[in-house]
Number of protein chains: 2
Amino acid sequence: MTERVVPPAERRRRRPTKQGVVLSEELIVATALRLIEEHGAEALSVRRLGRALGADPSSLYRYFRHTDDLLLAVADELIGRTLRDWRPTGDWRADLRDLGLRVHSGALGHPRAAVLSAYRVTGRAHEIQAVETILGVLRGAGFPDPEAVRVYHAFVDQALAFSALDAAGAALPKPARDAENAVWQATYARLPAGTHPNIAATARHLVADMRHSSYPTALEMLLSAAEARLFEIRGRA
Amino acid sequence: MTERVVPPAERRRRRPTKQGVVLSEELIVATALRLIEEHGAEALSVRRLGRALGADPSSLYRYFRHTDDLLLAVADELIGRTLRDWRPTGDWRADLRDLGLRVHSGALGHPRAAVLSAYRVTGRAHEIQAVETILGVLRGAGFPDPEAVRVYHAFVDQALAFSALDAAGAALPKPARDAENAVWQATYARLPAGTHPNIAATARHLVADMRHSSYPTALEMLLSAAEARLFEIRGRA
DNA sequence: ACCTGAACACCGTTCAAGT
DNA sequence: ACCTGAACACCGTTCAAGT
């Protein structure tokens, strides 16, 4: 998506900004990531980023055509960090489980950036590598191409969707996060059996279960369904 | 979440605005929904809403403390519409499928409100009703309480997470949305088999499949896994 | 070649003044 | 009591001018 408007880095001659900083795509992405983590998603604006970098906001437009492009670059950097040095074991189910959990915990490590970028398609190097890898795992397991793509799509979107969901929770200010957790104790666990029989009967389990992410459960269910489908396909062949 | 800063409607005395409109929370929420529907997600700003209502933008601040509050009120209205007159059929799998798809398409109809509200636990009336209903469906199907809660949690979070994911896509400004769709054709479908064998082999399927939400597939997989688990439980009993 | 600074067309929100 | 209008502190983006 983002294309360099200038020749590759090593061929560029860059003048430092007034404040002595030599700009680069890498520096801009790293600074954007830092800004988001330190001051929240709303801290990322072209003007603030320029200030943080020691450069005029408008100078960033030769590195990124829009704010959106910058965001995609940040997203791709996160994917890269998450999948760096990951290797398949040959057990497709274990491999997908590991990939899903890695993406999820990577997102929780940078919750604010994850919330901003989890739902974007970047078309950039790290993302392409991830797509290639996951498709390889599924095709290697024996899924025919149309099925491999369907499972790929559901698997990836589920990983990204839960990552964003849980990252949003983790990105809440602590008082708000505590308040959300307290709702299950304070509201749900106190509903009378007369009006809310199902909640009352399961309140104990709700309080215990809702504290944790349901992603591991949902992931396991998706993998189970995929495995059942694979047996079906193999049985027919 | 939203609290009235003024007494209940029937006790208020309201002066019409210069353009003759009598403001109310209901009218503002309805107008906001219409604005989003007619002119896209980016059309909802306090200033545009004021213009659409025939009132000064600042007058809205006595009805909603922040834009956020307004969006939550819109979201609450949507939950109400989504679950209004929904009734279980007695077929637990069909019922959960229907509930999931309703939530998802409700979110897509109003993406901006959905993105903001999918991540929050409100403890409000509509939400409580939904929890009670879904738990009832699962317990009625024969899931023991701890299992019912686990499946409930995965089901609801999956519905909310995919709703937010797909709503976020729909909420993108049009140029970004178009660019996103084009990535599969323009970037992925052109990768050479030499370096990216799995993408090259499935490119045709990727272009066709990635256009649509994977939620129906992911939902069906979750339901299949839940059903398999139910058979297992029944077999043991 | 690269960065700057002004300009344009927008935002959300507050608050004293008007009716 | 309720709405208005000005003001404040921001946005993203473009482009001629400066170095």
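Refer to the structure presented above.
Keep in mind it's a predicted model, so treat the numbers as computed, not measured. Here the residue numbers are simple positions, counted from 1 along each chain's written sequence. For naming, the first written chain is A and the first written ligand is 1, with later ones following in the order written. Reporting in this predicted model follows two pLDDT cut-offs: at least 70 for local features of residues, and 80 or more for side-chain atom pairs to be given and counted; totals over whole chains, interfaces and linings ignore these cut-offs and use all residues. Side-chain calculation: all heavy atoms of the structure are included, whereas hydrogens and water are not.

## Regarding helix α4 (residues 92-109) of chain B
Residues and elements named next belong to chain B. A run of DSSP states H or I qualifies as a helix once it reaches four residues; a run of E qualifies as a strand once it reaches two. Both are numbered from the N-terminal end. Here a helix's expected span is defined as the number of its residues, less one, multiplied by 1.5 Å. Its 18 residues place the ends of α4 26 Å apart at the C-alpha level, agreeing with the 26 Å of an ideal helix rising 1.5 Å per residue. Exposure categories follow from relative accessible area, calculated using a 1.4 Å probe and restricted to protein chains: below 20% of the type maximum is buried, above 50% is exposed, and the middle band is partly exposed. All buried positions along α4 are accounted for by W92, R93, D95, L96, L99, G100, H104 and A107. Residue contacts are defined here by distance: any two heavy atoms, one from each residue, within 4.5 Å place the two residues in contact. Elements that come into contact with the buried residues of α4 comprise α3 (67-83), α5 (111-117), α6 (125-141), α7 (145-171) and α10 (215-236).

## Thoughts on the protein's contact with DNA strand D
Working definition: residue near molecule or strand if any one of its non-hydrogen atoms lies within 4 Å of it. The environment of DNA strand D is made up of 23 residues, and the closest members are R47 of chain A together with R15, K18, S58 and R62 of chain B. Any pair of nitrogen or oxygen atoms within 3.5 Å is treated as a polar contact; in protein, a donor-acceptor pairing is required on top of that, and neighbouring residues in sequence qualify only through side-chain atoms on both sides. Note that a phosphate oxygen of DNA strand D is positioned 3.3 Å from one of the side-chain N or O atoms of R48 of chain A. In the model, a phosphate oxygen of DNA strand D is placed 2.9 Å from a nitrogen or oxygen of the T67 of chain A side chain. Here the surface near DNA strand D takes 3 residues from helix α2 (residues 46-53) of chain A, the largest share from any one element. For the surface near DNA strand D, the per-class residue count stands at 5 nonpolar, 7 polar and 11 charged. When residue character is reported, Ala, Val, Leu, Ile, Met, Phe, Trp, Tyr, Cys and Pro are called nonpolar, Asp, Glu, Lys and Arg charged, and the others, Gly included, polar.

## Considerations on the protein's contact with DNA strand C
Close to DNA strand C lie 23 residues, the nearest being R15, K18, S58 and R62 of chain A together with R47 of chain B. Considering DNA strand C, the proportion of its atoms within 4 Å of the protein that are sugar or phosphate atoms stands at 53%. A distance of 2.7 Å is found between a phosphate oxygen of DNA strand C and a backbone nitrogen or oxygen belonging to D56 of chain A. In this structure, R62 of chain A approaches DNA strand C through a side-chain N or O atom, which is 3.0 Å from a phosphate oxygen. Examining the composition of the surface near DNA strand C, we find that 3 residues originate from one element, helix α2 (residues 46-53) of chain B, more than from any other.

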